[in-house]
Structures are given as C-alpha cells and as structure tokens.
Amino acid sequence: MRVLHVAQPRDGGVAGYVTAAGVDQLARGWDVAVACPPDGRLAADLARTGVPHRSWPATREPGRATPGELRALARLVRSFRPDVVHLHAAKAGLAGRLHLRGRIPTLFQPHGWSWLAAGGALRTGSVAWERAAARWADRLVCVGDEEAALGRAARVRGRYTVIRNGVDLQHFRPAGDTARRAARARLGVPARAPLAVCVGRLTRQKGQDVLLSAWEQVTAHCPDARLALVGAGDLLPALRARSGPGVTFAGAVTDVREWLAAADVVALPSRWEGLPLTALEAMATGRPVVASDIPGIAGIVTPGTGALVPPERPAPLADALLHRLLNPGPARAEGAAAARHASGFDARRTYAELAELTRSVAAPGLSTAAAPGLSTAAAPGVSTVAAPGRSTVAVPGLSTKESR
C-alpha cells in the first residue's frame, strides 16, 4: 500500500490528525508520505515521528498561487505513485481533486466544510464547488455524523463514510487534584485561583474574541478568575489589545496536557467545527467543557459533561463559565462524567477504521481474508452498513458507517 496524504494546515487539529494517521499506517507496513508546507508544526511533527514528508508550499486561500500549487502536487503524485491519495481540508481538497479528477483512488476529508468559514458569494461558490468536486472522491470522509449531515443538507452528493475523531486515551488521562496542583505550580498559576482555559489557534473560527467579551462579565462577579488562551494565530495582536485583567496568552505549546490539568473548566467558543480534538482532550483529562452549540460540538458535549451555549453570545457563555468557576464541586463531577464519556472516542479505533477504508478504496472488493492481520468475523457489538454494490469489512470492535 502506497498512501499519499496531502494537507495545507500547518498546525491545529488537522495537523495532529494527519501525523497520527501517518504513524498508524507506517506501523502497518505501508509506504506513506505526507505532502504539506515545509514549515510549521505539521512538518516538525512528521520529522519527529519519522513519517516521510514531501514539501508542498501551499497557501491557505485560493488565489494566484493555486495553479503553481496544482503543478507542484502533480509532480509529487507522479514521483510517489500512490495507490490512494488522501486529501485533508479545503485547500488540498481543491488542488488534489482538480488535478486527480478520479484517476487515482481518492479520499477527501473536509475536517469542517469549506463554506462554513465563508459568507455571501464566497459561501455560495464554496458550496457549488463541493457539489461539483464530490464526484472526484471515492469517499467523503467525515469526522462525525453532524459533518456528514451538513454535507448532505447542502446537496453535496457522494459516498459518505463517518469515522469519528478520537483521542489518545493513553496520552490524555483524568487528572485529579494532585495533578491539578502540580500543573499549576509548574505553570505559575495560583493554586486556588478559578481557572478557565481555551486551547486553539487564535482565529475567527475559534471565537476567542467572544470569550474575551464574556470574560469581562466573569471578572465582574469573580475578580480572582484567570483565563489562559493557549495557542497562536493571526488574531493575537487584536486579542491582546482588548484583553483585560486575569488573561494570559500562553502561546503555542507542544503538549497541552499541563494546561488542561490545571484548568477548572475548558472553553470552546467556536463559530464552526468538524469534531474538535480539543474538546475530546479536555474531556479525557476530566474537565467540563463549555462550548458553542454548533454541529460538531453538540454531539460530543452531552448533558452532565459541561454546557452548550449559543454561538457568538458573550452573556450565556459568561454565565456558564461562572457557574463552574464558582461551584468547583459540581464542576468536578461534570469533569468525571466527561472523562467517562471520552472513553468512547479512542483514537485507536479511529485510525483502524481509516486504515480499513483506505485499503478498501485502493482495492475494491478486497476482503479481510486477503488482508493479513484482519479478521472477516465481526465481534459482538460490531455494526456494519454496506454501501450499495460494495461489501463492508468488519474490524473487531469497530463500526464503520457509509451512506450517500
């Protein structure tokens, strides 16, 4: 198996996902490479983990550079000769499908549909493009049921496969009071200060501007409260200019566990999402999550694990944060429930399902009998739904859902 992953995002959840997928597929003995920009977290993580990296200096937005990016990607595809090309997020989905046009088995994974970040004519054009380009993907891979539902509602017609995002449950574990105190000591956070943490790129998508507006109301009722914004991004200067008392800009960190362990509550005021790894990581650490009530988040922050609030509304966000900062006992009970809930989002399952899908697209009709290490027998509790005209392969303990 020769698999070429293509991604433009240099950091954030997409970068982490692509790295983890590459590591998993290398461990399966596959020949894997990732085409991505040569700088940023993704390239660094690939080098650190030993996943081969091919330089693809793509920019985020379509523009004058796009034709050159297509030519560069075409050269990479010719030199690598993949059995499957896996396109991650909007820019790779644009360049890859324009070049390949179905000539090589192709997976497209939006990680949040492109039109969610747009408005007006650009939004209309993005939807039209996704409808047209869907025919050049053997599968549209969605990170959650809500993302697939958004695609179908927008009349993007293709073969959908839902493979839920997962979290490394060996890496992110419930952090109790001892771990909380130790993390705060290392980070310089007062032991008894109520602390909210927001992890994510400092961009419009993640809604830190809404959080800072809410924070003014939080500190009016809880002057000792602290807020840590963990991440970097293009909005850093604007956010720093409007920040008030108790706000810390922690910058990008290589491991967010310290900040999650130190937190009393984790805020996720996003405007749109696919299925955010940040929420799963916070929940696996045993922290309640206060998040926007939007597709991609609403399906994972369930009653008793935190709170969902209307997006772009500072007042209800402030109320939900205050409730948890001023009532640590109930907040910790929510955190314990969140950790139990997160145990159902194991990353090992995510990447096993992805590997099986990739194998099936590379060799349609291949049964697990021909695939070393896999079993054709479904274990109890395994649910498989076959797409029309295809056989579905069951991996013990896994559930893969395909729909049009």
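Quick caveat: nothing in here was measured; it's all calculated off a predicted structure.

The pLDDT averaged across the protein works out to 89; a share of 90% of its residues lies at or above 70. Ignoring residues within four places in sequence, the model shows residues 366-404, a span with pLDDT below 50, making 69 contacts including any to other chains.

Here we take up the UniProt feature "domain: Glycosyltransferase subfamily 4-like N-terminal" (unreviewed entry) in the protein. Per the UniProt record, the feature "domain: Glycosyltransferase subfamily 4-like N-terminal" (unreviewed entry) sits at residues 12-170. Taken end to end, residues 12-170 is 47% helix and 16% strand, and its two terminal C-alpha atoms sit 20 Å from one another.

To continue, consider the nonpolar core. Formed by 36 residues in total, the largest nonpolar core has its most connected members in Val 197, Leu 260, Leu 280 and Ile 300. Elements with a contribution of two residues or more to this core: strand 8 (195-199), strand 9 (226-230), helix 10 (257-262), strand 11 (265-268), helix 11 (277-284), strand 12 (289-292) and helix 13 (328-342). Top element by residues in this core is helix 11. It accounts for 6 residues. If you look at the next biggest cluster of nonpolar residues, it comprises 32 residues, including Val 6, Leu 76, Leu 100 and Val 162.

Residue position: Pro 316 is located in helix 12 (residues 314-325). Between the C-alpha atoms of Pro 316 and Gln 109, which are 207 residues apart in sequence, the distance is 33 Å. Setting aside residues up to four positions removed in sequence, Pro 316 forms contacts with Val 309 and Pro 310.

Tracing the backbone shows Arg 2 in strand 1 (residues 2-7). Overall, the relative accessible area of 24% leaves Arg 2 in the partly exposed class. Sequence separation between Arg 2 and Arg 159 is 157 residues, and the spatial gap between their C-alpha atoms is 22 Å. Of the polar contacts made by the side chain of Arg 2, one reaches the side chain of Asp 31; its length is 2.4 Å.

Our focus in this paragraph is the pattern of salt bridges. Pairs can form between side chains of opposite charge whenever their charged atoms are close. Under the definition given, this model contains 19 salt bridges. When the shortest N-O distance is used, the salt bridge between Arg 271 and Glu 312 registers 3.2 Å. One end of the pair, Arg 271, is in the loop between strand 11 and helix 11; the other, Glu 312, is in the loop between strand 13 (306-309) and helix 12, with 41 residues separating them in the sequence. With a relative accessible area of 15%, Arg 271 lands in the buried category. You can call Glu 312 partly exposed: its relative accessible area is 45%.

Let's shift gears to helix 11. When you tally the buried positions in helix 11, you get 8 out of 8 residues, the bulk of the element. Among all positions in helix 11, only Leu 277, Thr 278, Ala 279, Leu 280, Glu 281, Ala 282, Met 283 and Ala 284 are buried. In this fold, the buried residues of helix 11 make contact with helix 1 (12-27), strand 8, helix 10, strand 11, strand 12 and helix 13. Looking one or two residues beyond helix 11, the residue adopting positive phi is Gly 286, at roughly 90 degrees.

Two elements in contact, helix 1 and helix 14 (residues 347-362), have axes whose closest approach is 10 Å; the angle formed by their N-to-C orientations is 70 degrees. Considering their axes alone, helix 1 and helix 14 lie roughly perpendicular with respect to each other. At the point where helix 1 passes helix 14, the crossing takes the right-handed sense. Residues Tyr 17, Ala 20, Ala 21, Asp 24 and Gln 25 of helix 1 pack against Thr 350, Tyr 351, Leu 354, Ala 355 and Thr 358 of helix 14.

Basis of the calculations
- Residues numbered from 1 in each chain as written.
- Predicted model: local features only at pLDDT ≥ 70, side-chain atom pairs only at ≥ 80, totals over all residues.
- Heavy atoms only, no water.
- pLDDT = per-residue confidence, 0-100.
- Contact = heavy atoms within 4.5 Å.
- UniProt positions renumbered as here; feature names shortened; annotations may be inferred.
- Helix = DSSP H or I, 4+ residues; strand = E, 2+ residues; numbered from the N terminus.
- Core = buried A, V, L, I, M, F, W, Y, C linked by side-chain atoms within 4.5 Å.
- Buried < 20%, exposed > 50% of the residue type's maximum accessible area, 1.4 Å probe, protein only.
- Polar contact = N/O pair within 3.5 Å; in protein donor to acceptor, adjacent residues only side chain to side chain.
- Salt bridge = Lys/Arg side-chain N within 4 Å of Asp/Glu carboxyl O.
- Axes fitted to C-alpha atoms, helices over the stretch in contact; angles between N-to-C directions.
- Parallel < 35°, antiparallel > 145°, perpendicular 65-115°, else oblique.
- Left-handed = near helix turned anticlockwise from the far one by under 90°.

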